[in-house]
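# Coordinate inspection notes
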Amino acid sequence: MNGQRSVDRRIVLRNYIKLYLILIRTSVRSRMQYRFNFAFGTLLAAIIQLSEFLMVAIVLAKFGAVRGWTMHEVGYLFAVMTLAKTLYRTFGNEVHNLERYLVEGELDQLLTKPLPVLLSLMPRGFRIMFGEVIQGGAILAWSLGAMLHSGQVTWWAIPQTLFAIATGAVVLFAIGMATATCGFWTTRISMLQNMTEDAAQTAARYPLTLYPGWMSGLLLTAIPVGLVGYVPALYILRGELGTWVFPVLAVASCLAVLLALRFWRFGIGKYQSTGS
């Protein structure tokens, strides 16, 4: 009996994955119908993101370092956060935009479908954010290349960084989903997202030693964006902590998304339609 249930679950999971890929393909095709808008948006996103880092780089070029962190190290933090956020928003953008579904009543339509709400929601906003990938990848290549040349890091830093980006994206998704879940009670969540996502992610682009102890603790625990770039950078770039950082990051990211999923299920169970 248990064996049959296990087989049934695998079949259901496989069907969900196939359906998810179909929905993603449909979303990509619809976006590519407007190729000029896609190309222009990609270029504009790359320029905006690059200009943000250039402002920081100019300051660092003037003063040399910030709390012992060089321009290349800060560039590394900036790039890792950018790429992790890009990966999260590629697959989970509509979770971030849940407020629109709540305000306009579109979530009620998703609730009537014979699919988990997340499965119906996430593929709708699937988009490959080439501008952010180009900008983040360029800064990462520049910063890592310089540190490889100086001998500060070895080639092992490349796979370790890719691992940090992947786990960081999971952490950011968990934070985004937990924030979005609050909308089941409040409907409006944009102000909360400004704090838990936008402001927190911007702060974590820089060394956490810049901030007061209470704020650093907040960015490592309650809103754990510090796990995205800062904590792995301590080992990858500076040889601090130890190799235990990577299994801890894996466990922490899995735990964060599991807790966020449980909160999501609890919240959606308490949700009352905007028309009720």
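Note that the structure is a prediction, hence the values are computed from the model and not measured. (Residues numbered from 1 in each chain as written. Predicted model: local features only at pLDDT ≥ 70, side-chain atom pairs only at ≥ 80, totals over all residues. Heavy atoms only, no water.)

### Side note on the overall build of the protein
Using the following cut-off: Strands here mean DSSP runs of E at least two residues long; helices mean DSSP runs of H or I at least four residues long; both are numbered from the N terminus. The classification of residues rests on relative accessible area computed with a 1.4 Å probe and restricted to protein chains. Under 20% of the type maximum is buried, over 50% is exposed, and intermediate values are partly exposed. In this description, contact between two residues means that some pair of their heavy atoms is separated by no more than 4.5 Å. All accessible-area figures derive from a Shrake-Rupley calculation using a 1.4 Å probe, and residue coverage is judged against the displayed protein chains alone.
Looking only at helices and strands, one finds 13 helices and two strands in the protein. In the protein, which comprises 276 residues, the share counted as buried stands at 43%. Taking all contacts inside the protein whose residues are at least 6 apart in sequence as the whole, residues at least 24 apart take part in 73%. As displayed, the protein offers around 14,700 Å² of accessible surface, 67% of which is attributable to carbon and sulfur atoms.

### Some words on the nonpolar core
Put simply, the rule is: Only buried Ala, Val, Leu, Ile, Met, Phe, Trp, Tyr and Cys residues count toward a nonpolar core, and they belong to the same one when joined by side-chain atoms within 4.5 Å.
With 62 residues, the main nonpolar core has Y76, L98, L107 and V225 as its most contacted residues. For this core, the leading source of residues is helix α3 (residues 71–96), giving 11 residues. Excluding residues that lie within four positions of it along the chain, L98 makes contacts with L107, L121, A180, F184 and W264.

### Digging into unusual backbone geometry
Of note, T187 is a non-glycine position whose phi angle comes to about 70°, a positive value. Here the phi dihedral of L241 falls at roughly 60°; this positive angle occurs in a residue that is not glycine. Relative to the assigned elements, L241 resides in the loop between α12 (230–236) and α13 (245–270).

### A closer look at the side chain of S143
Turning to its location among the elements, S143 is positioned in helix α7 (residues 130–150). Judged by relative accessible area, S143 falls into the buried class, the value being 0%. Filtering out sequence-adjacent residues up to four positions away, S143 remains in contact with H72, G75 and Y76.

### Some details on the pattern of salt bridges
Condition: The term salt bridge refers to a pairing of a side-chain nitrogen on Lys or Arg with a carboxyl oxygen on Asp or Glu at a separation within 4 Å.
Counted according to the given criterion, the structure contains four salt bridges. Taking the shortest distance from any N to any O, the salt bridge between E99 and R188 comes out at 3.4 Å. With E99 in helix α4 (residues 98–104) and R188 in the loop between α9 (183–186) and α10 (190–203), this residue pair connects regions lying 89 residues apart in the sequence. A relative accessible area of 55% places R188 in the exposed class.

### Topic: the packing of aromatic side chains
Here is the rule we go by: For this analysis, a ring pair means two rings from Phe, Tyr or Trp (six-membered ring only for Trp) whose centres lie within 6.5 Å, classed as stacked if their planes differ by under 30 degrees, edge-to-face if by over 60, and tilted for the remaining angles. Lysine and arginine charges are scored as sitting over a ring when NZ or CZ, respectively, is within 6 Å of the ring centre and within 35 degrees of the ring normal.
In this structure the tally under the stated criterion is eight aromatic pairs. A network of ring pairs unites the aromatic residues F163, Y235 and F246 as a single cluster. The ring of Y101 has R100 sitting right over it, with the charged end atom 4.5 Å from the ring centre. The aromatic ring of F78 is capped on one face by R205, whose charged end is 4.5 Å from the ring centroid.

### As for the confidence of the model for the protein
Reading fine detail from the predicted coordinates is not recommended where pLDDT is low. Which entries qualify depends on this criterion: Values of pLDDT, ranging from 0 to 100, describe the predictor's confidence in every residue of the model.
Here the protein averages 82 in pLDDT, and 76% of its residues register 70 or above. Predicted confidence in the protein is weakest over helix α2 (residues 35–63), with a mean pLDDT of 62, and strongest over helix α8 (residues 157–181), with 95.

### Considerations on the packing of α8 against α13
Under the convention used in this document: Axis definition: a line fit to C-alpha positions, over the contact stretch in the case of helices; interaxial angles, taken between N-to-C directions, run 0 to 180 degrees. Working rule for angles: under 35 degrees goes down as roughly parallel, over 145 as roughly antiparallel, 65 to 115 as roughly perpendicular, anything else as oblique. The hand of a helix crossing depends on one turn: near helix anticlockwise from the far one by less than a right angle means left-handed, and clockwise means right-handed.
The contact between α8 and α13 brings their axes to 8 Å, and the two run at 20°. With respect to α13, the axis of α8 lies roughly parallel. Regarding α8 and α13, the two cross each other, and that crossing is left-handed. Residues Q160, F163, T167, V170, V171, F173, A174, M177, A178 and T181 of α8 lie in contact with α13, whose contacting residues are F246, L249, A250, S253, A256, V257, A260, L261, F263, W264 and G267.

### Concerning α10
Put simply, the rule reads: Here a helix's expected span is defined as the number of its residues, less one, multiplied by 1.5 Å.
The terminal C-alpha atoms of α10 lie 18 Å apart, and with 14 residues this matches the ideal 20 Å at 1.5 Å per residue to within 8%. What α10 keeps buried is the set Q193, T196, E197, A200, Q201 and A203. The inward-facing, buried residues of α10 abut α3, α8 and α11 (213–218).

### Structural notes on the environment of G267
Along the chain, G267 falls in helix α13. Assessed through its relative accessible area of 0%, G267 is described here as buried. Linking G267 and W185, residues 82 residues apart in sequence, is a C-alpha distance of 7.7 Å. In this structure G267 touches T181, F184 and W185, once residues within four positions along its chain are discounted.

### Points about α7
In a regular helix each residue adds 1.5 Å, so 21 residues correspond to 30 Å; α7 covers 30 Å between its end C-alpha atoms and thus fits that length. The complete set of buried residues in α7 reads G131, E132, Q135, G136, I139, L140, S143, L144 and M147. Downstream of α7 by a residue or two, G151 has a phi angle that is positive, lying close to 85°.

### Quick notes on the packing of α3 against α8
Geometrically, a packed helix pair is captured by the angle between its two axes and the distance between the axes. Quick note on the threshold: Under the convention adopted here, Pro, Cys and the residues Ala, Val, Leu, Ile, Met, Phe, Trp and Tyr are nonpolar, Asp, Glu, Lys and Arg are charged, and Gly plus all remaining residues are polar.
Viewed as axis vectors pointing N to C, α3 and α8 meet at an angle of 50°, and their least axial separation amounts to 8 Å. Taken together, α3 and α8 sit at an angle that is classed as oblique. Of the two elements, α3 crosses α8, and the hand of that crossing is right-handed. Along its contact with α3, which presents Y76, V80, M81, L83, A84, K85, L87, Y88, G92 and V95, the element α8 presents T161, I165, A166, G168, A169, L172, F173, G176, M177 and A180. Of the residues that constitute the contact of α3 with α8, the class distribution is 15 nonpolar, four polar and one charged.

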